[in-house]
Amino acid sequence: MFKSAYLQRVYAEVSQRYKDQPEFLQAVEEFFDAMDVLVEKEPNIEKYSIMERIVEPERIIRFRVVWTDDSGKIQVNRAMRVQFNSAIGPYKGGIRFAPNVNESICKFLGFEQTFKNSLTGLPMGGAKGGADFDPTGKSDQEIMTFCQSFMSELYAHVGPNYDVPAGDFGVGAREIGYMFGFYKKIVNQWNGVFTSKGIASGGSLGRSEATGYGVCYFAQEMLRAYRNDTFQGKRVIISGAGKVGWMAAQKATELGAKVVAMSDIKGVIHDENGIDLGLILRLQKQSPAVMDQYRQTHPEAIFNPDPKSIWTIPCDIAMPCATQNEIYLPSAEALVKNGCWMVVEGANMPTTLDATRYFVDKGILFAPGKAANAGGVAVSGLEMSQNAMHLNWTFEEVDAKLKQIMAGIFKKADEASMKYTGTHNLVIGANIAGFMKVYQAMLEQGTL
Ligand code: GLU
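Residues numbered from 1 in each chain as written. Predicted model: local features only at pLDDT ≥ 70, side-chain atom pairs only at ≥ 80, totals over all residues. Heavy atoms only, no water.

S.K.: Describe the site of the ligand, listing the residues and the values that go with them.
M.R.: Every one of the 13 residues lining the ligand counts as a neighbour, but Lys-92, Lys-116, Asp-168, Arg-207 and Ser-380 are closest to it. Here Gln-113 contributes a side-chain N or O atom positioned 3.2 Å from an oxygen atom of the ligand. Relative to its free-state accessible area of 290 Å², the ligand is covered by the protein chains to the extent of 93%. Elements supplying a minimum of two residues to the shell around the ligand: β3 (91-97), α5 (103-119) and α14 (375-389). (Near = heavy atom within 4 Å. Polar contact = N/O pair within 3.5 Å; in protein donor to acceptor, adjacent residues only side chain to side chain. Areas by Shrake-Rupley, 256 points an atom, 1.4 Å probe, with all protein chains shown as cover. Helix = DSSP H or I, 4+ residues; strand = E, 2+ residues; numbered from the N terminus.)

Following this line, the structure appears as structure tokens:
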């Protein structure tokens, strides 16, 4: 628990008020852990009730989504948008479609997004939203009908200088296209209200690669600064083979690493020859989860239907890129026992708090998601700039800016950690560096 009596009191209040929101409380606890070294040095945090204010979303919009499926049956889903913090810019963050979407998950994601967006250095506040809608197995027509109904409510609460959603789990260029198209029709304006759009609709080149590539650029900075090293010859394992994991695997391979294992909900593939990324992409054209089919082409590979088993495969670097809370303490212990010395989070909060503390205690180089996976939203910020200026940058221009932003995030997080703890603790450093700008803006803007 925290040493600061102020943090203890605020956390006790928050955990009492939101006792049914475990993911949100976990995100707040990780953040308060990092704030412990800061609050006594910054008395204005308590004086201006910054912690009490920062843990409450500025606004939550809830609505129902009614739509008709292909059989003519009327369906109802629940949706929300959590507009967490707009101190440093318009609300910004993805939309998630998944059966488990609820207030706890949207609030944890929106809270993390606030500090992640701040770390990018771009003027973006924090938000997240979603619906408990499961896109798997739905037809194109059903997806479009759902997205249009979803937007018939959300359109009133978003805008290019107000709230700019993007994709997340279950929401890709197709869903964004349908939502953007419907918004445009209703407000009768073309503007940059969404990011991660398709290229023809005004999306940015390099956006679909950005999160995964950014994870590797961040890891590269850690390797260089802490070990005078590179990806060359490193054994890497990556959970998740979706947008983030696949792109991270491709970039890590390009930088000289060997990705020996990947996973999805069907299971884990362990291939000592290095994962055949082209095959995964081809298989994914038929269905999103494909690991059980990999051995038909590569019989020498090993398949294990338990996704968690990936953490028992020996590696140098582990990159959890699937979902929240996928590395519990026993998996963390197995990773360290088998020689893993670096963990870079590509997903949002994939490591539980006790597993994170374990990695840090063992001296593992650990990059928290809010720093390492910020490349996606950073390029979303660049998409907003391009839309506002009515121009497009080349892939190379965007990629160069992404590299620069990721190096900047690493530097800010490392410097904040050195300043407040005298160590290279990127969990503490990223939280403090992300918080400082939001805090400053909140002080400047008075008690609202
Ligand atoms: N959902 C992504 C994230 O977790 C991207 C958000 C965005 O581009 O707005 O950062």
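S.K.: Hey, could you go over the environment of Ala-334 for me, with residue numbers and the actual values?
M.R.: With respect to the helices and strands, Ala-334 occurs in helix α11 (residues 329-337). Residue Ala-334 is classed as buried on the basis of its relative accessible area, which comes to 16%. When the C-alpha atoms of Ala-334 and Gly-192 are compared, they prove to be 45 Å apart, with 142 residues separating the residues in sequence. Filtering out sequence-adjacent residues up to four positions away, Ala-334 remains in contact with Trp-311 and Thr-312. (Buried < 20%, exposed > 50% of the residue type's maximum accessible area, 1.4 Å probe, protein only. Contact = heavy atoms within 4.5 Å.)

S.K.: Before we move on, can you summarise the sheet that holds strand β10 (residues 317-320) with the specific residues and values?
M.R.: As summarised here, the arrangement of the seven strands in space is β9-β8-β7-β6-β10-β11-β12, forming an open sheet in which the pairing is mixed. Of all strands in the sheet, those bounded by a partner on one side alone are β9 (302-304) and β12 (365-367). Between one strand axis and the next, the sheet turns through 15° on average, direction left out of account. Of the strands in this sheet, β6 (235-239), β7 (258-264) and β10 are in contact with helix α9 (residues 243-254), which crosses β7 at around 175°. (Pairing = 2+ DSSP bridges. Axes fitted to C-alpha atoms, helices over the stretch in contact; angles between N-to-C directions.)

S.K.: An account of the sheet that holds strand β5 (residues 163-166) is requested, with residue identities and associated values reported.
M.R.: Pairing is mixed across the open sheet formed by five strands, whose spatial order is β1-β2-β4-β3-β5. A strand with exactly one partner marks an edge of an open sheet, and here the two such strands are β1 (59-68) and β5. Looking at each pair of strands side by side, their axes are set apart by 20° on average, direction ignored. Pairing of β3 with β5, which is carried by four bridges, proceeds in the parallel orientation. For Tyr-91, the partnering residue across the bridge sits in β5 and is Asp-163.

S.K.: Give a detailed account of the pattern of salt bridges, specifying residues and quantitative values.
M.R.: What the rule picks out here adds up to 22 salt bridges. Between Asp-132 and Arg-78 there is a salt bridge; the shortest N-O distance is 2.8 Å. Separated by 54 residues along the polypeptide, Asp-132 in the loop between β4 (126-131) and α6 (140-154) and Arg-78 in strand β2 (residues 74-85) bring together distant segments of the chain. Residue class for Asp-132 comes out buried when judged on its relative accessible area of 18%. Between Glu-272 and Arg-235 there is a salt bridge whose closest N-O contact spans 2.8 Å. Separated by 37 residues along the polypeptide, Glu-272 in the loop between β8 (267-270) and α10 (277-284) and Arg-235 in strand β6 bring together distant segments of the chain. (Salt bridge = Lys/Arg side-chain N within 4 Å of Asp/Glu carboxyl O.)

S.K.: Kindly report on the packing of aromatic side chains, identifying the contributing residues and their values.
M.R.: Enumeration over the complete set of coordinates arrives at 28 aromatic pairs. A centroid spacing of 5.4 Å and a plane angle of 55° characterise the contact between Phe-63 and Phe-150, whose relative ring orientation is tilted. Residue Phe-63 is found in strand β1, and its partner Phe-150 is found in helix α6; the two are separated by 87 residues along the sequence. Overall, Phe-63 belongs to the buried group, its relative accessible area being 8%. Judged by centre distance (6.3 Å) and plane angle (70°), the ring pair of Tyr-213 and Tyr-217 falls under edge-to-face. (Phe/Tyr/Trp six-rings, centres within 6.5 Å; stacked < 30°, edge-to-face > 60°.)

S.K.: Lay out α6 with the relevant residues and their values.
M.R.: If you check α6, its first and last C-alpha atoms are 21 Å apart, about what 15 residues at 1.5 Å a residue would give, namely 21 Å. All buried positions along α6 are accounted for by Glu-142, Ile-143, Phe-146, Cys-147, Ser-149, Phe-150, Met-151 and Leu-154. Of the surrounding secondary structure, the elements contacted by the buried residues of α6 are β1, β2, β3, β4 and α7 (173-187). (Expected span 1.5 Å × (residues − 1).)

Distances and angles like these do not, on their own, reveal function.
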